[in-house]
Amino acid sequence: MKIISVVGARPNFVKIMPLLEAFSKNNITSLLVHTGQHYDYHMSEAFFKDLDIPAPDVYLGIGSGTHAQQTAKIMIAFEKILLKEKPSLLVVVGDVNSTIACALTAVKLHIPVAHVEAGLRSFDNKMPEEINRLLTDRISDYLFTPSLDANENLEMEGISKEKFFFVGNVMIDTLNKFKPKAAKLKTYKALGLLKENYAILTLHRPENVDDKSYLSDILLSVKEISKHLPVVFPVHPRTGKNIKKFKLEGHLKNSKIQLIKPLGYLDFLNLLMHAKIVLTDSGGIQEETSALDVPCLTLRENTERPITVMKGTNIIVGRDKNRIIEEADKILKGKVKNSKPIQFWDGCSSKRIAKIILEKL
Ligand code: UD1
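Residues numbered from 1 in each chain as written. Predicted model: local features only at pLDDT ≥ 70, side-chain atom pairs only at ≥ 80, totals over all residues. Heavy atoms only, no water.

1. Digging into the overall build of the protein chain
We apply this condition: The numbering of helices and of strands both runs from the N terminus, where a helix is a DSSP run of H or I of at least 4 residues and a strand a run of E of at least 2. Taken over C-alpha atoms, the radius of gyration is set against a globule rule of 2.2 Å times the number of residues to the power 0.38. With a 1.4 Å probe rolled over the protein chains alone, any residue whose accessible area is under 20% of its type maximum counts as buried; one over 50% counts as exposed, and the rest are partly exposed. Contacts between residues were defined by any pair of non-hydrogen atoms, one from each residue, lying within 4.5 Å. The accessible surface values rely on the Shrake-Rupley method and a 1.4 Å probe; as for residues, cover is taken only from the protein chains in view.
Regarding its fold elements, the protein chain presents 16 helices and 13 strands. Here the protein chain has a C-alpha radius of gyration of 20 Å; the compact-globule value for 361 residues is 21 Å, and the two agree. Oriented by its inertia axes, the alpha-carbon framework of the protein chain measures out at about 55 × 40 × 40 Å. Expressed as a percentage of its 361 residues, the buried residues of the protein chain come to 57%. Restricting the contact set of the protein chain to residue pairs at least 6 apart, pairs at least 24 apart contribute 70%. Of the accessible surface of the protein chain, which amounts to about 15,300 Å², a share of 54% is contributed by carbon and sulfur atoms.

2. A look at the pairing of strand β11 (residues 277-280)
Taken residue by residue, a regular strand's side chains alternate between the two faces of the sheet. Note the following rule: Only when DSSP finds a minimum of two bridges between them are two strands counted as paired. Look down the strands so they point away from you; if going from the first strand over the helix to the second traces a clockwise path, that crossover is right-handed.
Both faces of β11 are covered, namely the face carrying I277 and L279 and the face carrying V278 and T280. Note: strand β8 (residues 199-202) against β11, 4 bridges, orientation parallel. Bridging across to β11, L201 finds its partner in L279. As paired elements, β11 and strand β12 (residues 296-298) share 3 bridges and run parallel to each other. Bridging from a neighbouring strand, V278 pairs with C296 of β12. Taking the sense of rotation as the criterion, the β-α-β connection linking β11, helix α13 (residues 283-292) and β12 turns out right-handed.

3. Some details on the environment of A46
Topologically, A46 is positioned in helix α2 (residues 45-50). In this structure, the C-alpha to C-alpha distance between A46 and P262, residues 216 residues apart in sequence, is 9.9 Å. In this view, A46 contacts Y41 and G264; residues no more than four positions away in its chain are not counted.

4. Things to note about the packing of aromatic side chains
Aromatic ring pairs are described here by two measures, namely the spacing of the ring centres and the angle between the planes. To keep it simple, the criterion reads: Note on ring pairs: Phe, Tyr and Trp rings are taken, using the six-membered ring of Trp, and paired if centres are within 6.5 Å. Classes follow the plane angle, with under 30 degrees stacked, over 60 edge-to-face and the rest tilted. By the criterion adopted, a ring carries a charge over it if an Arg CZ or a Lys NZ lies within 6 Å of its centre and within 35 degrees of its normal.
Summed over the entire model, instances satisfying the criterion amount to 6 aromatic pairs. On the numbers, 5.2 Å between centres and 55 degrees between planes, the contact of F13 with F48 is tilted. Pair noted here: F13 is in helix α1 (residues 10-25) and F48 is in helix α2, with a separation of 35 residues, a long-range link. An identical accessibility class is assigned to F13 and F48; each is buried. A centroid spacing of 6.3 Å and a plane angle of 15 degrees characterise the contact between Y188 and Y198, whose relative ring orientation is stacked. Taken together, the residues Y188 in helix α8 (residues 187-190) and Y198 in the loop between α8 and β8 connect sequence positions 10 residues apart. Judged by its relative accessible area of 7%, Y188 falls in the buried class. Taken together through their ring pairs, the aromatic side chains of F13, F47 and F48 make up a single cluster. The lysine or arginine in question, R319, covers the ring of Y214, its NZ or CZ lying 3.8 Å from the ring centre. A cation over a ring is seen here: R352 above F344, with NZ or CZ 3.8 Å from the ring centre.

5. Some details on the sheet that holds strand β7 (residues 164-166)
Cut-off, in case you're wondering: Between N-to-C directions, angles cover 0 to 180 degrees, with each direction set by a line fitted to C-alpha atoms, over the stretch in contact for helices.
In spatial order, the strands read β3-β2-β1-β4-β5-β6-β7; together these 7 strands make up an open sheet with parallel pairing. Every interior strand has two partners, whereas the edge strands, β3 (58-59) and β7, have only one. Of the pairings in the sheet, the one linking strand β2 (residues 29-34) to β3 comprises 2 bridges and is parallel in character. By the bridge assignment, H34 is partnered in β3 with Y59. Relative to strand β1 (residues 2-7), helix α3 (residues 67-85) is tilted by about 165 degrees, and along the sheet it contacts β1, β2, β3 and β4 (89-93).

6. Some points on the site of the ligand
Convention followed: The near set for a molecule or strand comprises every residue that places at least one heavy atom within 4 Å of it. By the criterion applied in these results, polar contacts are pairs of N or O atoms within 3.5 Å in which, for protein atoms, one can donate a hydrogen and the other can accept it, and in which residues neighboring in sequence qualify only through two side-chain atoms. In this classification, the charged set is Asp, Glu, Lys and Arg, the nonpolar set is Ala, Val, Leu, Ile, Met, Phe, Trp, Tyr, Cys and Pro, and all remaining amino acids, among them Gly, are polar.
By nearness alone, 21 residues border the ligand, and H38, E129, H204, R238 and K241 come closest of all. Between the ligand and the protein, one listed contact pairs an oxygen atom with a backbone N or O atom of D40 at 2.9 Å. Here an oxygen atom of the ligand and a side-chain polar atom of R238 are 2.7 Å apart. Its free accessible area being 740 Å², the ligand has 89% of it covered by the protein chains. No other element matches helix α11 (residues 237-245), which puts 3 residues into the shell around the ligand. Split by residue class, the shell around the ligand holds 7 nonpolar, 8 polar and 6 charged.

In structure tokens, the structure reads:
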């Protein structure tokens with residue numbers, strides 16, 4: 001048996017780490033292909049270092065572009081790899097352009113596809129990730145779901161029950177493994193912050209940061225929050241470019257918002273562990289804050305991860321300035337939502353996946 005696993009963008013690295021480890025423990029031959037969708041040191045290599053992921057066997061070097069360009073370039077380059085390597089299974093994770101591009105290439109060559117983090121739905125087709133998720137699930141042979149709501153979605157879409165397996169969340173495998181190491185760092189101290197006395201802001205969704213008025217409102221609400229609580233803001237390249245393009249730098253001046261480069265996995269985890277509030281539009285951070293029992297305000301109108309709202313610390317606050325400030329204020333006054341354990345978010349999801357793959361192939 002030979003497996004090819006694919007990564008492309010930042011959240012993929014966090015999800016693939018425990019899977020590669022599980023394949024290796026089970027003596028499964030596995031190759032890692034990096035599409036190069038993310039290529040900046042802070043968005044890619046830093047994660048390989050932090051998470052001890054072996055260097056990719058193949059680097060496609062695709063880079064940025066429009067959705068069609070990026071997807072098409074990945075498909076053309078990846079097809080050559082599949083034809084050469086003839087794997088018995090392709091493993092894709094998450095919902096980025098690299099996920100759908102590689103799954104589609106494989107399925108046309110009759111190579112079975114396993115999708116890890118299957119079944120999540122925001123029901124918002126304007127999100128590029130929603131299209132990637134829907135299509136990848138539709139053409140995959142093995143769908144590994146992180147929560148039971150995902151199974152319900154797949155069932156509703158008419159996907160055969162034999163194809164999907166509830167295994168839990170591989171991101172939590174990584175979190176559990178690296179928590180002790182991250183706890184030893186002093187990242188928050190190095191940024192001049194005090195334990196449980198700062199907020200973190202992360203923003204990168206096109207629907208937030210490509211829209212001047214939403215981005216402006218979010219930054220203004222965070223500026224208001226920063227009057228009561230210092231805010232640290234690791235800036236995603238897309239967001240940094242748009243703040244400049246829309247001339248919104250003024251919103252951040254004379255405030256206690258500290259702009260920093262995107263952080264590696266361990267430094268960011270250290271910041272997360274000790275934060276008072278996390279404001280984000282990321283999917284993975286909604287899960288990590290729930291697992292760490294840290295309050296999370298999601299700056300979106302919906303989530304494909306409703307389990308983090310039902311069982312975790314997540315509150316969907318949208319992009320309305322007043323609502324964001326109001327919810328942050330409640331947390332500052334001590335009204336926090338504590339998280340309950342989530343089934344199979346136990347650090348063993350990758351082991352379950354490897355076991356199923358061994359049984360099925
Ligand atoms: C991608 C994923 C998104 C994921 C996010 C995590 C898609 C459709 N989107 O969004 O689901 O949550 O990654 O970060 O796949 N750029 C750099 N350096 C880099 C990478 C990107 O400067 O290393 C800049 C480029 O200007 C690029 C822009 O960021 O055009 C957007 O990058 P892209 O990979 O298209 O999407 P993300 O917004 O990063």
